[in-house]
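Chain residues, written in single-letter form:
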Amino acid sequence: ALFERGWSPIAPDLPGFGSSSKPARGAYNARWYAENILGLMDQLDIPHAHLVGNSMGGRVAIEVGLTAPERVGALGLLCPAVAWLRRGFHPIVRLLRPEFGLLPHGFRRATVASQFWSMFYDRDLIDPEVGELMVDEFRRIYHSPGARLAFLASARNIYLEAPYGRQGFYPRLAELSRPALFIWGTHDRLVPAGFGRHVQRWLPRAEQVTIQSCGHVPQVERPAETN
């Protein structure tokens, strides 16, 4: 459908992930990622684009929309990583520096597989061979010190982002001027659909859709409904 409309989809790996570079001095927060996306658009001579992002990618898309609204058409936000209101582990997470990721370590395959499959409500809808490939790919990339640093720093920054205050996420979200569609999954354990209440409060003009019997990756588990 995208090609029929004359659009050219571009799906980059964010810095620190996949096959992209993993700079040791990267900030790995939403603003830094947004600057990277805008830099990519400049390199590809893309003055204006629609942005679609899942999870952390959704948070980055929001940041691009806030910092450079003139570069954004509309936002498709699939279970985006919005700010947590209850951060009971805040003191512990703040103490756990992501630089520890530079030390050699890894996760057991069973642990990675458990976390991966927990993102879906109905795992029977996912090709098991593709799932196993994703688990192995994560473990392969995580062997890199730069990838460990990026993963831990990104997760830490998402968890520690302040929800309120002058620079808090939700007051800033209220300033989002571009059209935005939020898609949630009823059975998302990572970013529960209940966050939609806070989006409604701070950005009532946004459109919100909740997909039934869906986990954290609606574009994979419920692609037709997501489209």
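Keep in mind that this is a model prediction, so the values were computed, not measured.

1. Digging into the overall build of the protein
Within the protein one finds ten helices and four strands. In sequence order, the protein lays out its α and β elements as α-β-α-β-α-α-α-α-α-β-α-β-α-α. Here the C-alpha atoms of the protein give a radius of gyration of 17 Å, agreeing with the 17 Å that 2.2 N^0.38 yields for 227 residues. Overall size of the protein, expressed as C-alpha extent along the three principal axes, is 45 × 40 × 40 Å. For the protein, the proportion of its 227 residues judged to be buried stands at 41%. In the protein, of all internal contacts separated by at least 6 residues, the share reaching a separation of at least 24 is 71%.

2. A word on the pattern of salt bridges
Scanning all chains against the criterion turns up eight salt bridges. The closest approach of N and O atoms between Arg59 and Glu161, which form a salt bridge, is 2.6 Å. Placement of Arg59 in helix H2 (residues 56-67) and of Glu161 in the loop between helix H6 (145-160) and helix H7 (169-173) is noted, with a sequence separation of 102 residues between them. With respect to burial, Arg59 and Glu161 carry one shared label: buried.

3. Quick notes on helix H1 (residues 30-43)
Taking 1.5 Å as the rise per residue, H1 with 14 residues should run 20 Å; its terminal C-alpha atoms sit 20 Å apart, in good agreement. Listed as buried for H1 are Ala30, Trp32, Tyr33, Ala34, Ile37, Leu38 and Met41. Close packing links the buried residues of H1 with strand E1 (49-54), H2 and H6. Just beyond H1, the residue with positive phi is Asp45, at close to 55 degrees.

4. Quick notes on the packing of helix H4 (residues 109-117) against helix H5 (residues 128-142)
Relative to each other, H4 and H5 sit at 125 degrees, their axes nearing to 10 Å. Our classification of the angle between H4 and H5 gives oblique. Here H4 runs over H5; the crossing is right-handed. In this structure, H4 uses Arg109, Val112, Ala113, Phe116 and Trp117 to contact H5, whose residues at the interface are Pro128, Gly131, Glu132, Met134, Val135, Asp136, Phe138 and Arg139.

5. Observations regarding the environment of Arg222
Relative to the assigned elements, Arg222 resides in the loop between helix H9 (218-221) and helix H10 (223-226). Counting along the chain gives 100 residues from Arg222 to Asp122, while the straight-line C-alpha distance between them is 9.9 Å. In this structure Arg222 touches Leu125, Ile211, Gln212, Ser213 and Cys214, once residues within four positions along its chain are discounted.

6. Digging into the packing of H5 against H6
At a closest axis distance of 7 Å, the pairing of H5 and H6 adopts a crossing angle of 110 degrees. The orientation of H5 with respect to H6, classified from their angle, is roughly perpendicular. Together, Phe138, Ile141 and Tyr142 of H5 and Ala147, Arg148, Phe151 and Leu152 of H6 make up the contact between the two elements. When its residues are assigned to classes, the contact of H5 with H6 shows six nonpolar, no polar and one charged.

Procedures and definitions
- Residues numbered from 1 in each chain as written.
- Predicted model: local features only at pLDDT ≥ 70, side-chain atom pairs only at ≥ 80, totals over all residues.
- Heavy atoms only, no water.
- Helix = DSSP H or I, 4+ residues; strand = E, 2+ residues; numbered from the N terminus.
- Rg over C-alpha atoms; globule rule 2.2 N^0.38 Å.
- Buried < 20%, exposed > 50% of the residue type's maximum accessible area, 1.4 Å probe, protein only.
- Contact = heavy atoms within 4.5 Å.
- Salt bridge = Lys/Arg side-chain N within 4 Å of Asp/Glu carboxyl O.
- Expected span 1.5 Å × (residues − 1).
- Axes fitted to C-alpha atoms, helices over the stretch in contact; angles between N-to-C directions.
- Parallel < 35°, antiparallel > 145°, perpendicular 65-115°, else oblique.
- Left-handed = near helix turned anticlockwise from the far one by under 90°.
- Nonpolar A, V, L, I, M, F, W, Y, C, P; charged D, E, K, R; others polar.

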